[in-house]
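What follows is each chain in one-letter form.
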Amino acid sequence: MGSTRTGGRGVARARTVAAACAALVAAPTIAACGSEGGTQINVYYAPEENFQSVIDTCNEQANGRYELVYRKLPRDADGQREQMVRRLAAGDTDLDILGLDVTWVPEFAEAQWLEEWTGENKADAEAGVLEGPLTTAMWKDRLYAATKNTNVQLLWYDKRVTPQPPETWQEMIDMAKDLKAKGEPYEVLFTGAQYEGLVVTYNTLVASAGGQILNEDGTKVVMDEGAIEALEILKEVASAGITDPSLTNAQEQQVQQAFEAPDSNSAFELNWPYVYAAIQETNPDRAKNLEWARYPGVDGPSKVTVGGYNLAVSSYSQHKPEAFEAALCLRSPSSQKFSAIKDGVPPTIESVYTDERPLDPGSPEDAANNPSMVTAYPMRDTILEELQDPSVRPLTVVYQNLSTITSKVLSPPADIDPQATAAELRDGLQKALESKGVLP
């Protein structure tokens, strides 16, 4: 899918309508404005550099029956959720298509803010989608969103430092200690700050150890032996003198920057696929030697926590048929391929990973100017391998509470006392599960 745009007059009219409607965005119960020759469909979604091109292409395909308008949410996840929660709680009809973090679907569906996907729409939304990502779009065995993109972390390393990557956390810890003793770059970089990134790391460790934090239906805390083993690993890696001194402040961006730095002392980075494109510009020398591998496991292959975004239709939308059609276009195979190549977000549709055609099949292939999944997404096979056997964060309407409690109890990781920390988590998480309702 190429980046196409409507004709000059059509764009001018659309911009005029969009500008007029923009003034109404803050009003909680204003119906969506109509565009000339059609209906305006508002898409509330996180900032994504090339998503407007996807919007433009879907508008062209709509041929004037409706006009999609990209309403950018705040960059941080908490800000995104807060804005939508407040407006949906007020019954705001201005919201049509909602971009939801994969952990929000149960909460929003339980609050009856999402329209269920049924019939042909449901079949189209599920077609060819990997099981792990699809699970995040469901609640109580019903589909409430269409998967737009997924995400899994990989192990990134410099082949000059470690020609053979570790397969388990223990191997990685031992290799880091050995590199440190030899005076070579050795640090293990991961998200250790008190926020969702630390929860994701822990969830992956638990699943990789064969453990559970909650039971299958998300109603009771389990915190079994696998969950305790994950605490032991976190404790060891954080207290062995092999992490960056800024571990307790490290979020994704800080991890990325520490690995890319010209004077980096790191050997391993655990982070999302977007770092591949980022390092090409910031540190071309290290980029030439950058390699990736499956995220380290515990006693066998890892089960990596999926991230990503889903597209839902608001139950308050005044234009549901158009919103369902538009959402399917925004996350179609061609749209997912475009977003993977241009913005680095992994597709949820399995066939996209094996699509070797250039982005614009009608133009001469030029890897620099007309990339394909092969040239722009070389880590696609490793991502797909992880996605075929991933883990999912606990599906519950109070996930925000669970995440907040978990990150607080686990921070700082070096202070973890496995048995005592497990007991504290059991108590705090069970109390969170027993509280009902949507967080403000």
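In every chain, residue numbers begin from 1 and rise along the written sequence. Local features in this predicted model are restricted to residues whose pLDDT is 70 or higher, and side-chain atom pairs enter the listing and the counts only when it is 80 or higher, whereas totals over whole chains, interfaces and linings include all residues. The side-chain quantities take in all heavy atoms of the structure and omit both hydrogens and water.

S.K.: Before we go on, may I ask you to explain the packing of aromatic side chains in this structure?
M.R.: For any two aromatic rings, the description comes down to two numbers: the centre-to-centre distance and the angle of the planes. When the centres of two rings from Phe, Tyr and Trp lie within 6.5 Å, Trp using its six-membered ring, the rings pair. Their planes under 30 degrees apart give stacked, over 60 give edge-to-face, and anything left gives tilted. Evaluated as defined, the whole model comprises ten aromatic pairs. Centroid distance Trp-169 to Phe-190: 6.1 Å. Interplanar angle 80°. Geometry classified as edge-to-face. One end of the pair, Trp-169, is in helix α7 (residues 169-181); the other, Phe-190, is in the loop between β8 (187-189) and α8 (196-208), and 21 residues separate them in sequence. According to the relative accessible area criterion, Phe-190 is buried, its value standing at 2%. Under the DSSP-based scheme used, a helix requires at least four consecutive residues in state H or I and a strand at least two consecutive residues in state E, with every element numbered from the N terminus. Under the scheme applied here, a residue whose accessible area is under 20% of the maximum for its type counts as buried, over 50% as exposed, and between as partly exposed, the area being computed with a 1.4 Å probe on protein chains only.

S.K.: What exactly am I supposed to notice about the packing of helix α10 (residues 252-260) against helix α11 (residues 275-282) here?
M.R.: Any two packed helices are characterised by the angle at which their axes cross and by the distance between the axes. With their axes 10 Å apart at the nearest point, α10 and α11 run at an angle of 40° to one another. One way to sum up the angle between α10 and α11 is to call them oblique. The two elements α10 and α11 meet at a crossing, and its hand is right-handed. Contact residues: Gln-256, Phe-259 and Glu-260 in α10; Val-275, Ala-278, Ile-279 and Thr-282 in α11. We call Asp, Glu, Lys and Arg charged. Ala, Val, Leu, Ile, Met, Phe, Trp, Tyr, Cys and Pro are nonpolar, and the rest, Gly among them, are polar. Residue classes in the contact of α10 with α11 are distributed as four nonpolar, two polar and one charged. All axes are obtained by fitting lines to C-alpha atoms, using only the stretch in contact for helices, and the reported angles, taken between N-to-C directions, cover 0 to 180 degrees. To sort the angles, those under 35 degrees are grouped as roughly parallel, those over 145 as roughly antiparallel, those from 65 to 115 as roughly perpendicular, and the leftovers as oblique. A crossing counts as left-handed when the near helix is turned anticlockwise from the far one by less than a right angle, and as right-handed when that turn is clockwise. We call two residues in contact when some of their heavy atoms are within 4.5 Å.

S.K.: I'm lost on the sheet that holds strand β2 (residues 66-72) in this one. Help?
M.R.: Pairing between the strands of a sheet comes from backbone hydrogen bonds, and it takes one of two forms, parallel or antiparallel. For two strands to count as paired, DSSP must find a minimum of two bridges between them. Read across the open sheet, the five strands follow the order β2-β1-β3-β11-β6; overall the sheet is mixed. Both edges of this open sheet fall to β2 and β6 (146-151), since each of them pairs with a single strand only. The mean inter-strand angle of the sheet, taken between neighbouring strand axes irrespective of direction, is 20°. Here strand β3 (residues 97-101) runs beside strand β11 (residues 307-313); their pairing, made up of five bridges, is antiparallel. Bridging from a neighbouring strand, Ile-97 pairs with Val-313 of β11.

S.K.: I'm lost on the side chain of Asp-101 in this one. Help?
M.R.: Here Asp-101 is to be found in strand β3. His is not counted, nor are the chain ends, whereas Lys and Arg count as positive and Asp and Glu as negative. Salt bridge criterion: a side-chain nitrogen from Lys or Arg within 4 Å of a carboxyl oxygen from Asp or Glu. One buried charged residue, Asp-101, remains without a salt bridge, the closest side chain of opposite sign being Arg-393 at 4.7 Å. Each polar contact in these results corresponds to two N or O atoms within 3.5 Å; when the atoms are within protein, one needs to be able to donate a hydrogen and the other to accept it, and residues that are neighboring in sequence are counted only if both atoms are side-chain atoms. Looking at Asp-101, its side chain comes within polar contact range of the side chain of Thr-103, at 2.9 Å. Look past the residues within four positions of Asp-101 in its chain and what remains in contact with it is Gly-308 and Tyr-309.

S.K.: Looking at this model, I keep getting lost on the sheet that holds strand β10 (residues 290-293). Mind explaining?
M.R.: Pairing in this open sheet of four strands is mixed, and the strands run β8-β9-β7-β10 from one edge to the other. Edge positions in the sheet fall to β8 and β10, since each has one partner strand and no second. Averaged over all adjacent pairs, the angle separating strand axes in this sheet is 20°, with direction ignored. Bridging between β8 and strand β9 (residues 266-271) involves three bridges; their strand directions are parallel. When the bridges of β9 are listed, Glu-187 appears paired with Ser-266. In the packing of α10 onto the sheet, contacts are made with β7 (154-158), β8, β9 and β10, and the angle to β9 comes to roughly 150°.

S.K.: Help me understand helix α16 (residues 380-387) in this model?
M.R.: In an α-helix there are 3.6 residues to a turn, and that puts residues three or four apart on one side. Along α16, six of the eight residues are buried, which leaves the element largely enclosed by surrounding structure. Turning to α16, its buried residues number three or more, namely Arg-380, Thr-382, Ile-383, Leu-384, Glu-386 and Leu-387. Residues of α16 that are buried make contact with α6 (131-135), β6, β7, β10 and α15 (373-376).

S.K.: Sorry if this is basic, but what is going on with the confidence of the model for the protein chain here?
M.R.: Note: predicted coordinates in regions of low pLDDT should not be interpreted at a detailed level. Model confidence for the protein chain is summarised by a mean pLDDT of 90, while 90% of its residues fall at 70 or above. The predictor reports its confidence for every residue as pLDDT, a score running from 0 up to 100. With pLDDT under 50 throughout, residues 1-35 is counted as low confidence; its partners more than four residues away or in other chains account for 67 contacts.

S.K.: Looking at this structure, how should I read the pattern of salt bridges?
M.R.: Pairing between side chains of opposite charge can happen when their charged atoms approach one another. In this structure the tally under the stated criterion is 20 salt bridges. Arg-87 is the salt-bridge partner of Asp-92, the closest N and O atoms lying 2.7 Å from each other. Taken individually, Asp-92 and Arg-87 each receive the classification buried, so the pair is uniform in this respect. When the shortest N-O distance is used, the salt bridge between Arg-160 and Asp-158 registers 2.8 Å. According to the relative accessible area criterion, Asp-158 is buried, its value standing at 2%. One salt-bridge network, in which partners are shared between bridges, spans Asp-158, Arg-160, Asp-285 and Arg-286.

S.K.: What should I look at first to understand unusual backbone geometry in this one?
M.R.: Most of the time, phi is negative for any residue but glycine, and the peptide bond is trans. A cis amide bond links Ser-411 to the next residue, Pro-412, at an omega of -5°. Along the polypeptide, Pro-412 turns up in the loop between α17 (399-410) and α18 (418-434). Within the chain, Lys-140 stands out as a residue other than glycine whose phi angle is a positive 55°. Its location among the elements puts Lys-140 in the loop between β4 (138-139) and β5 (142-143).

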